Amino acid sequence: MNIMLFHSTYGLRPAVHAAAERLRAAGHEVWTPDLFEGRVFDDVEEGRAFQEELGKDEILKRAILAAAPYSERGLVYAGFALGAATAQTLALGDAKARGLLLLHGTSDIAENAAVDELPVQLHVAEPDPFESDDWLSAWYLRMGRAGADVEVYRYAGAGHLYTDPDLDDYDAEATEATWRTALGFLETL
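Residues numbered from 1 in each chain as written. Predicted model: local features only at pLDDT ≥ 70, side-chain atom pairs only at ≥ 80, totals over all residues. Heavy atoms only, no water.

Participant: Looking at this structure, how should I read the layout of surface pockets?
Facilitator: Rolled over the atoms, a probe sized like a water molecule indicates the empty space that remains. Size it by volume and the largest pocket reaches roughly 650 Å³. Elements represented by at least two residues in the lining of the largest pocket include exactly helix 2 (44–54), helix 3 (56–67) and helix 4 (82–93). Estimated volume of the second largest pocket: approximately 170 Å³. Lining the second largest pocket are Lys56, Leu60, Gln88, Thr89, Leu92, Gly93, Ser107, Asp108, Ile109, Ala110, Asn112 and Ala113. Broken down by secondary-structure element, the contributors of at least two residues to the lining of the second largest pocket are helix 3 and helix 4. (1 Å grid on protein atoms, 1.4 Å probe; cavity = no way out; pocket = protein on both sides within 12 Å on 5 of 7 lines; lining within 4 Å. Points joined across faces, edges and corners; volume = space filled by probe spheres on them. Helix = DSSP H or I, 4+ residues; strand = E, 2+ residues; numbered from the N terminus.)

As structure tokens, then:
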């Protein structure tokens, strides 16, 4: 499978590279574009400030330019938090998308979004300060109306970005469960 993996608000950190290596070890081809052009943050507020400075449109433009050379192959879009939101936007706009793997985040869905049974898997903490239960319920319903085939996995007690071992949110058990399930999902695409 060809996977475009987008980083979080923290930037292209070692955890993103480790995730890409895990996916490659399972036989996938993976690209990890650096939407922040080398900027990496240890503090979420600094990352958010930089993200806001760049602006949503610029981040999306960079993501589209990174994915464009490979989209004809039929990409699985994937990402962490901000990267998940970015991946979702691209997948819903790419008729050749093979799947969508969301880690720690979702995004708004355009009213006219339509896909043909796009396989989608979401992994998120429970509770998650950025993905409330009400939001996730509404998101799930909107994705279904758009035509996506959605699976949601929640991890009780895990922190928001629980797959990054360099952050306080890290949860080893939830991380391993996420990757076991995600790798199984990718095998079905």
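Participant: Would you take a moment to explain empty space enclosed by the protein for this structure?
Facilitator: A complete count under the given rule lists 1 cavity of 30 Å³ or more for this structure. Within this model, the largest cavity holds a volume of roughly 60 Å³. Lining the largest cavity are Ser8, Gly11, Arg13, Ala15, Val16, Phe80, Leu161, Thr163 and Asp164. Looking at the lining of the largest cavity residue by residue, the class counts come to 4 nonpolar, 3 polar and 2 charged. (Nonpolar A, V, L, I, M, F, W, Y, C, P; charged D, E, K, R; others polar.)

Participant: Hey, could you run me through the side chain of Thr175 in this one?
Facilitator: Position of Thr175 relative to the elements: it lies in helix 6 (residues 172–187). Setting aside chain neighbours within four positions, we find Thr175 in contact with Tyr162, Thr163 and Tyr170. (Contact = heavy atoms within 4.5 Å.)

Participant: Help me understand the pattern of salt bridges, please; the structure alone is not making it clear to me.
Facilitator: Here the idea is simple: oppositely charged side chains can pair when their charged atoms come close. Counted according to the given criterion, the structure contains 10 salt bridges. Of the charged contacts, one joins Glu176 and Arg22 as a salt bridge, the two residues approaching to 3.1 Å between their closest N and O atoms. Placement of Glu176 in helix 6 and of Arg22 in helix 1 (residues 14–25) is noted, with a sequence separation of 154 residues between them. Classification of Arg22 as partly exposed rests on a relative accessible area of 30%. Of the charged contacts, one joins Glu72 and Lys96 as a salt bridge, the two residues approaching to 3.9 Å between their closest N and O atoms. Taken as a pair, Glu72 in the loop between helix 3 and strand 3 (75–80) and Lys96 in the loop between helix 4 and strand 4 (99–103) lie far apart in primary sequence, 24 residues in all. (Salt bridge = Lys/Arg side-chain N within 4 Å of Asp/Glu carboxyl O. Buried < 20%, exposed > 50% of the residue type's maximum accessible area, 1.4 Å probe, protein only.)

Participant: Would you mind going over the pairing of strand 4 with me for this structure?
Facilitator: One face of the sheet, then the other: side chains in a regular strand alternate in exactly this way. Across the 5 residues of strand 4, 5 count as buried, placing the element largely inside the fold. Burial along strand 4 is two-sided: the face carrying Gly99, Leu101 and Leu103 and the face carrying Leu100 and Leu102 are both buried. Examined bridge by bridge, strand 3 and strand 4 share 5 bridges and lie parallel to one another. Opposite Gly79, over in strand 4, you have Leu102 as the bridge partner. Tracing the backbone out of strand 3, into helix 4 and back to the parallel element strand 4 gives a crossover that is right-handed. Pairing of strand 4 with strand 5 (residues 119–126), which is carried by 4 bridges, proceeds in the parallel orientation. (Pairing = 2+ DSSP bridges. Right-handed = clockwise from strand over helix to strand, strands pointing away.)

Participant: For this particular structure, what's the right way to read the nonpolar core?
Facilitator: Proteins that are soluble and globular tend to have nonpolar side chains buried together. One finds Tyr77, Leu100, Val120 and Met143 to be the most contacted residues of the largest nonpolar core, which totals 35 residues. Of all the secondary-structure elements, those providing two or more residues to this core are strand 1 (2–6), helix 2, helix 3, strand 3, helix 4, strand 4, strand 5 and helix 5 (133–146). Considering every element that reaches this core, the biggest residue donor is helix 4, with 6 residues. The residues touching Leu100, leaving out its near neighbours within four places in the chain, are Val76, Tyr77, Ala87, Gln88, Ala91, Leu118, Pro119, Val120, Gln121, Met143 and Phe185. With 22 residues, the next largest nonpolar core counts Leu101, Ala182, Leu183 and Phe185 among its residues. (Core = buried A, V, L, I, M, F, W, Y, C linked by side-chain atoms within 4.5 Å.)

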